[in-house]
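Read off the chains here:
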Amino acid sequence: MATKLTDLAKQLELSTKELKDKIRKLGFDVGPKAKTIDNDLAELLLDELKPEEEGEADTAEIYGEIVDEQIQREIVKKQRKRTAGKDAVKKEKVDEPVEEKAPQDVVEIADVISVKELAEKSGVKIAKIIGELMKNGILANINQQIDFETAVLILEDMGVKLKKIRGAANVEDIVAGNLEALLKEDDPEESVKRPPVVCVMGHVDHGKTKILDYIRSANVIDTEAGGITQHIAAYQVEKNGRKITFLDTPGHEAFTAMRARGAKVTDVAILVVAADEGVKPQTIEAMDHAKEAGVPIVVAINKIDKPNANVDKVKGELAQYDLQPDDWGGKTVMVPVSAHTGEGIDQLLEMILLTADMEDLKADPKREAVGTVIEAHLDTNFGPVATILVNTGTLSAMDNVCIGSAYGRLKVVRDHTGKNVKQAGPSTPLLIAGLSETPIAGDILQVCKTEKEARLQALNVSTIRKAGKGRASSMDRIISQINAGELNTLKIILKADTKGSLEAIRDSLAKIKSDTVAVKVIHSGVGNVTESDVMMAAASRGLVIGFHVDVPAQVKRTAQREKTDIVIYKIIYELLDNITKLLTGMLEPEIVEVVVGRAEVKQVFLTKKKEMIVGCKVKSGKMSNRVKIRVFRDEKVVGEGEIISLQKGQEIAKEVMEGNDCGIKYQGNVQMQEGDIVEAYKTEEHERTLSSTDDE
Ligand code: GDP
């Protein structure tokens, strides 16, 4: 769906070029040849740019366009005087469009603020602010946008204290799921204890679902409003007057998929191990996922009602994996439970609260809400609905929100029992509706002041997401981080065909020496590479390395989608050698030269000292503008340079193909002669990869 630029320009009383300039100033890409733009963007531009008598100044301000020429001149004049050694700033009078007020003590401002607005809010004279800015080497006019830190620097000497109001979050943080950046804005003085968010993990059939069901049925009264049964992917229970939030999607898959998106919502992980079966492959996997995410584990040894249950045996097995039971002097709380009889479940809840206390979980209910999508789907009645978890702040019904590339006004906000709520604070799971599209799990919700702001933020996110489709693979990222000295731990998920080879490789990997980067095997196991391995690597920004194992087609697809590399080896030496090379930065990108084409000089039109214009015939390939060239005479290189302009006939050309004549303007270190051969080439950086014996 697109809108014609010519139509839109007409409505806005602009030329198409002017319109394109405005769009670019708003931060969106629009090519010189573009004829249409996204409907959403068009609508937004209509809102923003529609000519209005009074709105004009505002609109221009949004794009930072107004330059009050008179004031600008004043500033330049002063700057000149200042450089001439006179501090004329304080003495001269500047037009004062702002009514003077007594300076305020504490002033709340956004991340970025114009000088004019800062003066208005703080009561400090514009001239004084501009003068201070100049002293700090910033030449500003009244509409100049300055950041919060600069504003603090300028105003603190004048006794004005600034406090940041949280504006729309940084789009890059939103796209990267960087929740921490948003939560950092919590006011420590306003922060209060919040309920823990718990997820349940463990091997299949060990009773995860049953434990979740038991806790819910024993503690939650289902009161689905209006008879509409809405699935909500999380619920809250109360224990000893305190709340606990449970994510109702058992298994580490959901947990890790969210983490791969960058979201970190879980505070405590319950590792369920059946007392009759003990530690199984997925138990270890779940354990590694939680450990890698830095989430504390509480073990629920389940099915103790079964005759063959053996709690001590399970504890012994867990101890082998570094989970030492607390009653054996270790640090991990292990609670024997039965989801069948309910035995031990109360104690489990108490232990969760105890563990949460040690984590000192806090949030600021007074700020606007930040949340994370746990699950979302399209509902036949409500349209896109999402289960979200409020990470901090308070979310209210009718708030304008942006969630990833979706936005909307929250017309429905329900708690886990299906009851409509007006407001909800930190750690509350909520079902929300009123969104423009279905968000994805892990997307971050943020509250915006107006629907327009929400829409713009969503549009920004979607633009960045589209542009980010071609983001680098994990390997490219790792190589460049190692080469830039930015990586100190290479995280590896290791899969091998036998226990023997797995241990041998793990031991050898531990011995690889590099001054700067350590290898950490965050998960290892026997068997083929699984989706869970890939997701864990994606979430940890690591690599999957396999030895004599397969990668099923579905897993390959997941790896491609998550841009995560899987490297399979068949020879241990090769595996270790490659990892060593990777760690020691020996896999620097290869610079590869690619010949673009050759042309023969037919005529010399103009000769300057380092510049020439020559007429050529393209013999092979093509000549391109702005490429490097080498000049051959009698098959020997006699000089080199660059094509700085290319012509075909009378026209400027980007490239001229084989068989055609062209005019080349060249800069370089040799005077060309008729009969010389011009070889045009370009250089490309090829990332070296870990060579693998799997050549598919
Ligand atoms: P999940 O795959 O980990 O979610 O496991 P489920 O919750 O689906 O449980 C698997 C099977 O174990 C089901 O048949 C449950 O009824 C049974 N089960 C779960 N917990 C207990 C328990 O505490 N005692 C007994 N006897 N059976 C249980």
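Residues numbered from 1 in each chain as written. Predicted model: local features only at pLDDT ≥ 70, side-chain atom pairs only at ≥ 80, totals over all residues. Heavy atoms only, no water.

Observations concerning the overall build of the protein chain
So, step 1. Regarding its fold elements, the protein chain presents 21 helices and 34 strands.
So, step 2. The burial tally for the protein chain puts 48% of its 696 residues in the buried class.
So, step 3. Excluding contacts between residues fewer than 6 apart, the proportion of contacts in the protein chain whose partners are at least 24 apart in sequence is 72%.
So, step 4. Carbon and sulfur atoms provide 48% of the accessible area of the protein chain, an area that totals close to 34,400 Å². (Helix = DSSP H or I, 4+ residues; strand = E, 2+ residues; numbered from the N terminus. Buried < 20%, exposed > 50% of the residue type's maximum accessible area, 1.4 Å probe, protein only. Contact = heavy atoms within 4.5 Å. Areas by Shrake-Rupley, 256 points an atom, 1.4 Å probe, with all protein chains shown as cover.)

A few points about the packing of helix H6 (residues 115–122) against helix H7 (residues 126–135)
So, step 1. Contact pair H6 / H7: the axes reach a minimum separation of 9 Å and the direction vectors enclose 125°. Considered as vectors, H6 and H7 are oriented oblique to each other. Handedness of the crossing formed by H6 with H7: right-handed. Packed against H6, whose contacting residues are Val115, Lys116, Leu118, Ala119 and Ser122, the element H7 presents Ile126, Ile129, Ile130 and Leu133 at the interface. (Axes fitted to C-alpha atoms, helices over the stretch in contact; angles between N-to-C directions. Parallel < 35°, antiparallel > 145°, perpendicular 65-115°, else oblique. Left-handed = near helix turned anticlockwise from the far one by under 90°.)

A closer look at helix H8 (residues 148–156)
So, step 1. Residues of H8 that are buried include every one of Phe148, Thr150, Ala151, Ile154 and Leu155, and no others. Down the axis of H8, the buried set is contained in an arc of 155°. They therefore lie on one face.
So, step 2. Those residues of H8 that are buried are in contact with strand E3 (106–109), H6, H7, strand E5 (145–147) and strand E6 (161–164). (Arc of directions from axis to C-beta.)

Some points on the site of the ligand
So, step 1. The environment of the ligand is formed by 15 residues, the closest being Asp205, Lys208, Thr209, Lys210 and Asp305.
So, step 2. In the environment of the ligand, an oxygen atom lies 3.1 Å from a nitrogen or oxygen atom belonging to the side chain of Asn302.
So, step 3. A distance of 2.9 Å separates an oxygen atom of the ligand from a polar atom in the backbone of Ala339.
So, step 4. Relative to its unbound accessible area of 570 Å², the ligand is 73% covered by the protein chains.
So, step 5. Ranked by residues supplied to the shell around the ligand, first place goes to helix H11 (residues 208–219) with three residues.
So, step 6. Across the shell around the ligand, the residue classes break down as two nonpolar, seven polar and six charged. (Near = heavy atom within 4 Å. Polar contact = N/O pair within 3.5 Å; in protein donor to acceptor, adjacent residues only side chain to side chain. Nonpolar A, V, L, I, M, F, W, Y, C, P; charged D, E, K, R; others polar.)

Describing the packing of H7 against H8
So, step 1. Relative orientation of the contacting elements H7 and H8 amounts to 105°, with a least axis distance of 10 Å. When the axis of H7 is compared with that of H8, the two are roughly perpendicular. Where H7 abuts H8, its residues Ile129, Glu132 and Leu133 lie against Thr150, Ile154 and Leu155.
So, step 2. Along the lines of polarity and charge, the residues of the contact of H7 with H8 split into four nonpolar, one polar and one charged.

Focus: the pairing of strand E18 (residues 400–403)
So, step 1. The alternating pattern of E18 places Asn400 and Cys402 on one face and Val401 and Ile403 on the opposite face, and all of these are buried.
So, step 2. Bridging between E18 and strand E19 (residues 406–414) involves four bridges; their strand directions are antiparallel. By the bridge assignment, Cys402 is partnered in E19 with Tyr407.
So, step 3. Looking at chain direction, E18 and strand E22 (residues 444–448) are connected through four bridges and run antiparallel. By the bridge assignment for E22, Val401 is matched with Val447. (Pairing = 2+ DSSP bridges.)

Re unusual backbone geometry
So, step 1. Even without glycine at this site, Ser427 takes up a positive phi of about 70°.
So, step 2. Following the sequence through the fold, Ser427 ends up in the loop between strand E20 (423–424) and strand E21 (429–435).
So, step 3. Within the chain, Asp634 stands out as a residue other than glycine whose phi angle is a positive 50°.
So, step 4. On the accessibility criterion, Asp634 (69% relative accessible area) is exposed.

A closer look at the state of the cysteines
In a disulfide, the sulfur atoms of two cysteines are covalently bonded to one another.
So, step 1. Applying the stated criterion across every chain, the model contains zero disulfides.
So, step 2. The structure places no disulfide on Cys662, whose sulfur is separated from the nearest cysteine sulfur, that of Cys616, by 5.1 Å. (Disulfide = S-S within 2.5 Å.)

Details of the packing of aromatic side chains
So, step 1. One pass over the full model with this rule turns up one aromatic pair.
So, step 2. Seen in terms of ring centroids, Tyr235 and Phe246 are 5.6 Å apart; in terms of plane orientation they differ by 25°. Their pairing is stacked. Taken together, the residues span a long stretch of sequence, with Tyr235 in strand E9 (residues 234–239) and Phe246 in strand E10 (residues 242–247) at a distance of 11 residues. Of the two residues, Tyr235 and Phe246, neither departs from the other in class, the shared state being buried.
So, step 3. The cationic tip of Arg630 hangs over the ring face of Tyr681; the distance from NZ or CZ to the ring centre is 4.0 Å. (Phe/Tyr/Trp six-rings, centres within 6.5 Å; stacked < 30°, edge-to-face > 60°. Lys NZ or Arg CZ within 6 Å of the ring centre and 35° of its normal.)

Regarding helix H19 (residues 531–540)
So, step 1. Most of H19 is tucked away, with nine of its 10 residues classed as buried.
So, step 2. All of the buried residues in H19 are Ser532, Asp533, Val534, Met535, Met536, Ala537, Ala538, Ala539 and Ser540.
So, step 3. Arg541, located one to two residues past H19, shows a positive phi value of around 55°.

Quick notes on the sheet that holds strand E26 (residues 566–569)
What links the strands of a sheet is backbone hydrogen bonding, and the strands pair in either a parallel or an antiparallel sense.
So, step 1. Taken together, four strands build an open sheet; the order of strands is E24-E23-E25-E26 and the sheet is parallel. Since the sheet does not close on itself, it has two edges, and those belong to strand E24 (518–526) and E26, each with one partner. Adjacent strand axes in the sheet meet at a mean angle of 25°, parallel and antiparallel pairs treated alike.
So, step 2. Relative to E24, strand E23 (residues 489–496) runs parallel, the two sharing eight bridges. If you follow Ile492 over to E24, its bridge partner there is Val521.

What to know about the side chain of Lys208
So, step 1. The topology assignment puts Lys208 in helix H11.
So, step 2. By relative accessible area, Lys208 is classed as buried at 11%.
So, step 3. Reaching out from Lys208, the side chain makes a polar contact with the backbone oxygen of His203 at a distance of 2.9 Å.
So, step 4. Discounting chain neighbours no more than four positions away, the residues touching Lys208 are Val200, Met201, Gly202, His203, Pro250, Gly251 and Val272.

Some words on the nonpolar core
So, step 1. Of all hydrophobic cores here, the largest spans 30 residues; its most connected members are Leu271, Val299, Leu318 and Leu323.
So, step 2. Secondary-structure elements contributing two or more residues to this core are strand E8 (197–202), helix H12 (252–260), strand E11 (268–274), helix H13 (281–293), strand E12 (297–302) and helix H14 (311–319).
So, step 3. With five residues, the single largest contributor to this core is H13.
So, step 4. Every residue in contact with Leu271, bar those within four places of it in the chain, is listed here: Met201, Gly202, Thr283, Ala286, Met287, Ile297, Val298, Val299, Ala300, Leu318 and Leu323. (Core = buried A, V, L, I, M, F, W, Y, C linked by side-chain atoms within 4.5 Å.)

Describing the pattern of salt bridges
So, step 1. Applying the stated criterion across every chain yields a total of 24 salt bridges.
So, step 2. Measuring nitrogen to oxygen at the nearest pair gives 3.3 Å for the salt bridge that ties Asp346 to Lys239. Separated by 107 residues along the polypeptide, Asp346 in helix H15 (residues 345–359) and Lys239 in strand E9 bring together distant segments of the chain.
So, step 3. We classify Asp346 as partly exposed; its relative accessible area is 46%.
So, step 4. Residues Asp357 and Arg242 are paired through a salt bridge, measuring 2.7 Å at the closest nitrogen-oxygen approach. With Asp357 in helix H15 and Arg242 in strand E10, this residue pair connects regions lying 115 residues apart in the sequence.
So, step 5. Residue Asp357 is classed as partly exposed on the basis of its relative accessible area, which comes to 32%.
So, step 6. What you see here is one network of salt bridges that share partners, running through Lys193, Arg242 and Asp357. (Salt bridge = Lys/Arg side-chain N within 4 Å of Asp/Glu carboxyl O.)

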